[in-house]
Amino acid sequence: MFGSLQLNSIAMKLYQVTTEVVGEVLNTSPITSTQPLERPRGLQNELRCLVKGERGIIDGERLRNFVFPTDNYDVFISHSHDDLEIAKQFAAWLKEKYRYSVFLDSFVWNSADRLLREIDNLYCKQRNGLYNYYRRNYSTAHIHTMLSMSIMEIIKRSKVGILIDSHHSINLERLRNSNQGKTLSPWIFQEIMFMRQFANQKSSTRMFSSESLNEGLQIAHTVDLSDFTPLTARDLISKAPF
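Structure report, in brief. (Residues numbered from 1 in each chain as written. Predicted model: local features only at pLDDT ≥ 70, side-chain atom pairs only at ≥ 80, totals over all residues. Heavy atoms only, no water.)

## Some points on the packing of helix α3 (residues 60–67) against helix α7 (residues 133–156)
Right, on to step 1. The interhelical angle for the contact between α3 and α7, taken along N-to-C directions, is 60°, at an axis separation of 10 Å. Classed by the angle they form, the pair α3 and α7 counts as oblique. Relative to α7, the crossing made by α3 is right-handed. Between α3 and α7, the residues in contact are G60, L63 and R64 and I143, M146, M149 and S150, respectively. (Axes fitted to C-alpha atoms, helices over the stretch in contact; angles between N-to-C directions. Helix = DSSP H or I, 4+ residues; strand = E, 2+ residues; numbered from the N terminus. Parallel < 35°, antiparallel > 145°, perpendicular 65-115°, else oblique. Left-handed = near helix turned anticlockwise from the far one by under 90°. Contact = heavy atoms within 4.5 Å.)

What follows is the structure, given as C-alpha cells:
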C-alpha cells in the first residue's frame, strides 16, 4: 500500500492526521519513551550577546542560526499551539516505532517571543517604560522573517509533512465536498503553503482527524488540503507508513 511512499523520494509527501487517530494509535501501540526528542538549549547569555551586536548592529545570520537552526528531517509536523501535547506524543511515537527524525519546533528551536522580548527591551523601550510602536513593528518584522525563512528551510529539507488537523488548526468548517478549509493561524497557513510548494503536486497524497483561538484580532486564511492524504490508525500501526 505504501510502496511508492518512500522517505528517499525527492518530493515532499503530505499527510493529515486528526488527534482522534493519534489518540487511537497511542492507545493501541503505546510507547515507552517519555522524552525522545531534543529540547532547545537554554543559552540566555549567548543570546543576549548576539542581541547586543557589534556597534549596535545585530548579525542576522548568526542570530537566526543560533535561535532557529536548520537540519535535515524525515518528518515535519505542523500543529496548533493548543495541540502541542498530542503533537509531542505523536512525534515521540514516530521516533520510537520507526526511528524517524521528527521536527517539532518546541523541541528544536528557542522561543521567538523570548527573542523579541530581549530585542524590544534593549532597542524599543522608552524612558517612560512604554515601547515605541514603530520600532516594535520593525523588530517584529525582522524576527518573523527570520522565523519564516527557517521554517521554509526545514520544510524544504524534510521528506514528509504532516498536518495535525483539529478545531484549533483548521478552525472553521470546510465546505461540503471541498478540500479547502479555514485557519486562524498565520503560521499554519504559512506552513501549509510551504509544504504544498515543496510537494510533488502530481503524486497521490493521504489524512490523520483532533482542537484555543486567540482573542481579539482574528483573520481567516483559506488553505487547500487537496494534496494531504488521510491516514488511519491501521495505516500507521501496520507498517512504516512513509
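Still to come is the rest of the account.
## Overview of the packing of aromatic side chains
Right, on to step 1. In the structure shown here, the tally under the stated rule is seven aromatic pairs.
Right, on to step 2. Taking 4.9 Å as the distance between ring centres and 65° as the angle between the ring planes, the aromatic pair formed by F103 and W109 counts as edge-to-face.
Right, on to step 3. On the basis of an interplanar angle of 85° and a centroid distance of 5.2 Å, the ring pair of Y133 and Y134 is categorised as edge-to-face.
Right, on to step 4. Taken together, the aromatic side chains of F68, Y73, F76, F103 and W109 make up a single cluster linked through ring pairs. (Phe/Tyr/Trp six-rings, centres within 6.5 Å; stacked < 30°, edge-to-face > 60°.)

## Remarks on the environment of I192
Right, on to step 1. Tracing the backbone shows I192 in helix α8 (residues 186–198).
Right, on to step 2. Beyond its immediate chain neighbours, meaning those up to four positions away, I192 contacts L163, I170, V223, D224, L225 and F228.

## Quick look at helix α4 (residues 84–98)
Right, on to step 1. With 15 residues, α4 should reach 21 Å at 1.5 Å per residue; the first-to-last C-alpha distance of 21 Å fits that figure.
Right, on to step 2. Counted residue by residue, α4 has eleven buried out of 15 residues, so it is predominantly covered.
Right, on to step 3. For α4, every residue scored as buried is listed here: L84, I86, A87, K88, F90, A91, A92, W93, L94, E96 and Y98.
Right, on to step 4. Positioned one or two residues after α4, R99 has a phi angle of 60°, which is positive. (Expected span 1.5 Å × (residues − 1). Buried < 20%, exposed > 50% of the residue type's maximum accessible area, 1.4 Å probe, protein only.)

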